[in-house]
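Listed below, chain by chain, are the residues.
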Amino acid sequence: MPLSKKAEVAAEVRNVTEAIGMTWEQICDGAACADHPNPLIFLPLEGPHPLGDAIQAKAVCRRCHVRIPCLAWATSNIKRTMTEGIFGGHDRSDRRKIAAEVRAAMVTEA
Ligand code: SF4
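We now examine the nonpolar core. Of all hydrophobic cores here, the largest spans 14 residues; its most connected members are A57, C70, L71, W73, A74, I86 and F87. Among the elements that take part in this core, helix 4 (residues 67-76) stands out by supplying five residues, more than any other.

Here you go:
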């Protein structure tokens, strides 16, 4: 049976998380958001246009070369990234679901 898109992302995140060994500073080196003219779009609920900002931020993340390490970091540090911020192209709700799928996959394999 083919994996759902979320399960595919969860598997990818899990693989990266296991191998990542990167700090947030290393992940940010060369990130697409690092020199974005409006970094507040990555914290959409703090600005006046939450939906539009989130869409813009996710579009930036889609072309970021560290999207998967960023998502892996944010997912594995879920308590520290419980803001509504966008990490790796996903909002908090998405990241919670991905983190749950990663945990479920780890339990299944244990
Ligand atoms: S994936 Fe998005 S939030 Fe993460 S480093 Fe890249 S642009 Fe920034």
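Take the environment of H90 next. Mapped onto the fold, H90 is located in the loop between helix 4 and helix 5 (92-109). A tally of 23 C-beta atoms within 10 Å means that H90 is categorised as buried. Setting aside residues no more than four positions away along its own chain, H90 makes contact with L71, R95 and I98.

Here helix 5 spans 26 Å end to end across 18 residues, near enough to the 26 Å set by a 1.5 Å rise per residue. Residues of helix 5 that are buried include every one of R95, I98, A99, E101 and V102, and no others. All buried residues of helix 5 project into a common sector of 160° when viewed along the axis, lining one side. Turned more than 90 degrees away from the buried face of helix 5, the exposed residues are S93, A104, V107 and T108.

This part covers the site of the ligand. In the vicinity of the ligand lie 15 residues, with A31, C33, C61, C64 and C70 positioned nearest. Among the secondary structure elements, those contributing two or more residues to the shell around the ligand are helix 3 (50-62) and helix 4. Considering only residue class, the shell around the ligand consists of twelve nonpolar, two polar and one charged.

Here T23 shows up in the loop between helix 1 (5-20) and helix 2 (24-28). On a C-alpha basis, the gap between T23 and P69 in space is 9.8 Å, while along the polypeptide they are 46 residues apart.

Calculation rules
Residues numbered from 1 in each chain as written. Predicted model: local features only at pLDDT ≥ 70, side-chain atom pairs only at ≥ 80, totals over all residues. Core = buried A, V, L, I, M, F, W, Y, C linked by C-beta atoms within 7 Å. Buried ≥ 20, exposed ≤ 12 C-beta atoms within 10 Å, placed from the backbone. Helix = DSSP H or I, 4+ residues; strand = E, 2+ residues; numbered from the N terminus. Contact = placed C-beta atoms within 7 Å. Expected span 1.5 Å × (residues − 1). Arc of directions from axis to C-beta. Near = placed C-beta within 6 Å. Nonpolar A, V, L, I, M, F, W, Y, C, P; charged D, E, K, R; others polar.

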